[in-house]
Amino acid sequence: MFVIETKGLTKKFGKLTAVNKINLKIEEGEIFGLLGPNGAGKTTTLSMLATLIPPTDGSASVAGHDVRRQASKVRQNIGFVFQDPSSDDLLTGRENLYLHAMMYGVDMKNINRKMDDVLKLVDLTDRQHDRMRGYSGGMRRRLELARGLLHDPKVLFLDEPTLGLDPQTREHLWSYIKRLSTEKKVTVIITTHYMDEAERLCNRVAIIDHGRIVALDTPNKLKERLGGDVVRLVVKKPNVAALKKLKYVKGVKVSDGAVTLTAKDAGRHLQEILNKAGSVESVESHSPTLNDVFLHLTGSEIREQEGEGGYLERMMHSGNR
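Since we're looking at a predicted model, the values are computed, not measured. (Residues numbered from 1 in each chain as written. Predicted model: local features only at pLDDT ≥ 70, side-chain atom pairs only at ≥ 80, totals over all residues. Heavy atoms only, no water.)

Participant: Please clarify how the nonpolar core should be interpreted in this entry.
Facilitator: Taken as a class, soluble globular proteins show a tendency for nonpolar side chains to be buried jointly. In this structure, L97, L145, L156, L158 and L290 are the most contacted members of the largest nonpolar core, which totals 45 residues. If we skip the residues at most four places from it in the chain, L158 touches L46, V81, L145, I177, V188, I189, I190 and T191. Grouped together as the second largest cluster of nonpolar side chains are 29 residues, F13, L34, L49 and A50 included. (Core = buried A, V, L, I, M, F, W, Y, C linked by side-chain atoms within 4.5 Å. Buried < 20%, exposed > 50% of the residue type's maximum accessible area, 1.4 Å probe, protein only. Contact = heavy atoms within 4.5 Å.)

Now the structure itself:
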């Protein structure tokens with residue numbers, strides 16, 4: 001049995017289809033990434049799986065429980081770390097954990113041991129008696145992670161957990177997440193628009209755009225689909241026809257005054273590519289990344305626009321669910 005399974009999962013807000021017939025099967029202990037630009041449907045998908053909003057259509061089960069008919073059972077088996085920290089600034093780190101433990105009905109006989117365990121996991125033992133107002137952004141995020149683990153969830157939802165964090169703090173948070181998966185067999189569902197994060201962290205990823213899954217596989221297999229290295233040329237009057245005739249070139253796209261092509265063993269053939277391209281002003285060549293996969297599948301870069309989270313919040317406050 002899969003820990004998470006969805007069939008045709010759909011969510012509409014009026015005329016807007018935020019999530020469009022998503023099918024997923026996620027196994028125990030897997031770190032699964034939902035990738036995509038702001039507004040793609042990532043947060044809305046997590047919100048349905050966590051029973052925060054009901055699906056418009058389709059079905060979903062989490063830890064063997066239906067999100068519509070067994071919402072309370074689902075909530076007993078999940079932890080959720082939101083984009084914005086929701087802990088109380090006036091309380092200490094440990095007091096925040098204690099409050100959360102009481103809300104989730106954690107056995108009082110084990111509550112101190114559990115708090116000690118999760119504080120140790122996220123390296124906050126020495127700061128547990130400090131008020132939250134004195135925590136850095138990274139410390140707050142780590143306490144949120146600890147709080148989400150207090151009741152031993154089978155599934156942990158992380159919505160953009162490293163957003164706004166510095167590179168060193170991101171690295172530390174990644175290591176905690178990996179330990180959860182390997183040591184505690186927690187299934188982790190993470191949303192992010194950081195493609196490099198997903199490459200290093202996730203066992204599998206689903207790329208979502210406009211509410212639909214456009215690709216789902218391991219990071220390496222997704223990159224292999226491109227069929228070679230990525231070469232980006234800034235060229236005056238590019239000779240696209242000549243580039244397409246090269247046997248080792250798999251695809252050529254022109255956008256924003258640049259030519260992007262996929263070529264097998266690009267380094268070995270780079271000089272010929274430059275000769276055929278035209279008057280080249282600059283060239284860049286690299287191994288494929290998930291960002292290249294996204295560009296190839298959607299034809300655009302990550303869009304800078306309002307995410308579905310803001311739209312979702314307004315809909316919930318207005319009562320239109």
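Okay, back to it.
Participant: Got a minute to help me understand the pairing of strand β10 (residues 212–217) in this structure?
Facilitator: Remember that side chains alternate between the two faces of the sheet whenever the strand is regular. Inspection of the sheet shows strand β9 (residues 204–209) paired to β10 by five bridges, in the antiparallel sense. By the bridge assignment, A206 is partnered in β10 with L216. Taking the residues between adjacent antiparallel strands as the criterion, β9 and β10 are bridged by two residues, where H210 takes a positive phi near 50°. (Pairing = 2+ DSSP bridges. Helix = DSSP H or I, 4+ residues; strand = E, 2+ residues; numbered from the N terminus.)

Participant: Could you clarify how one ought to interpret the pairing of strand β6 (residues 78–81) in this entry?
Facilitator: Neither face of β6 is open: one carries I78 and F80, the other G79 and V81, and all of them are buried. Here β6 runs beside strand β7 (residues 155–159); their pairing, made up of four bridges, is parallel. Its bridge partner being in β7, V81 is matched across the sheet by L158.

Participant: Would you take a moment to explain the sheet that holds β7 for this structure?
Facilitator: In any sheet, the strands associate via hydrogen bonds between backbone groups, in a parallel or an antiparallel arrangement. With respect to topology, six strands assemble into an open sheet ordered β6-β7-β8-β3-β9-β10, the strand pairing being mixed. Here the strands that pair on one side only, and so sit at the sheet edges, are β6 and β10. Sheet twist, expressed as the mean angle between neighbouring strand axes with direction ignored, is 15°. In the sheet, β7 pairs with strand β8 (residues 187–192) via five bridges, with the strands oriented parallel. Looking across to β8, one finds that D159 is bridged to T191. (Axes fitted to C-alpha atoms, helices over the stretch in contact; angles between N-to-C directions.)

Participant: Sorry, what's going on with unusual backbone geometry here?
Facilitator: Residues other than glycine predominantly adopt negative phi, and peptide bonds predominantly adopt the trans conformation. For T51, which is not glycine, the phi torsion reads 65° and is therefore positive. Along the chain, T51 falls in the loop between α1 (42–49) and β4 (57–62). T51 gets classed as buried once you look at its relative accessible area, which sits at 9%. Of note in the backbone geometry, D265 takes a positive phi value of approximately 50° without being a glycine. Considering the arrangement of structural elements, one finds D265 in the loop between β13 (258–263) and α10 (266–277). Among the residues examined, D265 registers a relative accessible area of 38% and is labelled partly exposed.

Participant: Mind showing me how you'd approach the sheet that holds β13 here?
Facilitator: Spatially, β12-β13-β11-β14 is the arrangement adopted by the four strands of the open sheet, whose pairing is antiparallel. The sheet terminates laterally at β12 (249–255) and β14 (279–286), the two strands that pair on one side only. Within this sheet the neighbouring strands show an average axis-to-axis angle of 20°, counted without direction. Relative to β14, strand β11 (residues 229–236) runs antiparallel, the two being bridged by seven bridges.

Participant: Can you walk me through α10 in this structure?
Facilitator: Along an α-helix, a turn takes 3.6 residues, which lines up residues three or four apart on a common side. With twelve residues, α10 should reach 16 Å at 1.5 Å per residue; the first-to-last C-alpha distance of 14 Å falls well below that figure. Three or more residues of α10 are buried, namely A266, H269, I273 and A277. Along the long axis of α10, the arc covered by the buried residues comes to 90°, so they all point the same way. Those residues of α10 that are exposed and aimed more than 90 degrees away from the buried face are R268, Q271 and N275. Turning to α10, the residues buried within the fold contact β11, α9 (240–245), β13 and β14. (Expected span 1.5 Å × (residues − 1). Arc of directions from axis to C-beta.)

Participant: Can you walk me through the environment of A198 in this structure?
Facilitator: Following the sequence through the fold, A198 ends up in helix α7 (residues 195–201). Look at A198 and you get buried, because its relative accessible area is 1%. Taking the C-alpha atoms as reference, A198 lies 8.7 Å from F32; in sequence the two are 166 residues apart. With near-sequence residues (within four places) excluded, A198 lies in contact with L35, T192, V205, P219 and L290.

Participant: Help me understand the packing of aromatic side chains in this model?
Facilitator: Aromatic rings in a pair are described by how distant their centres are and how their planes are angled relative to each other. Counting across every chain of the model gives two aromatic pairs. Between F80 and F82 the ring centres are 4.3 Å apart and the planes differ by 15°, which places this aromatic pair in the stacked class. For the pair F80 and F157, a centre-to-centre distance of 5.8 Å together with 45° between the ring planes defines the contact as tilted. A residue pair is termed long-range when its members are at least 10 positions apart, and F80 in strand β6 and F157 in strand β7 qualify at 77 residues. The same class applies to F80 as to F157, namely buried. (Phe/Tyr/Trp six-rings, centres within 6.5 Å; stacked < 30°, edge-to-face > 60°.)

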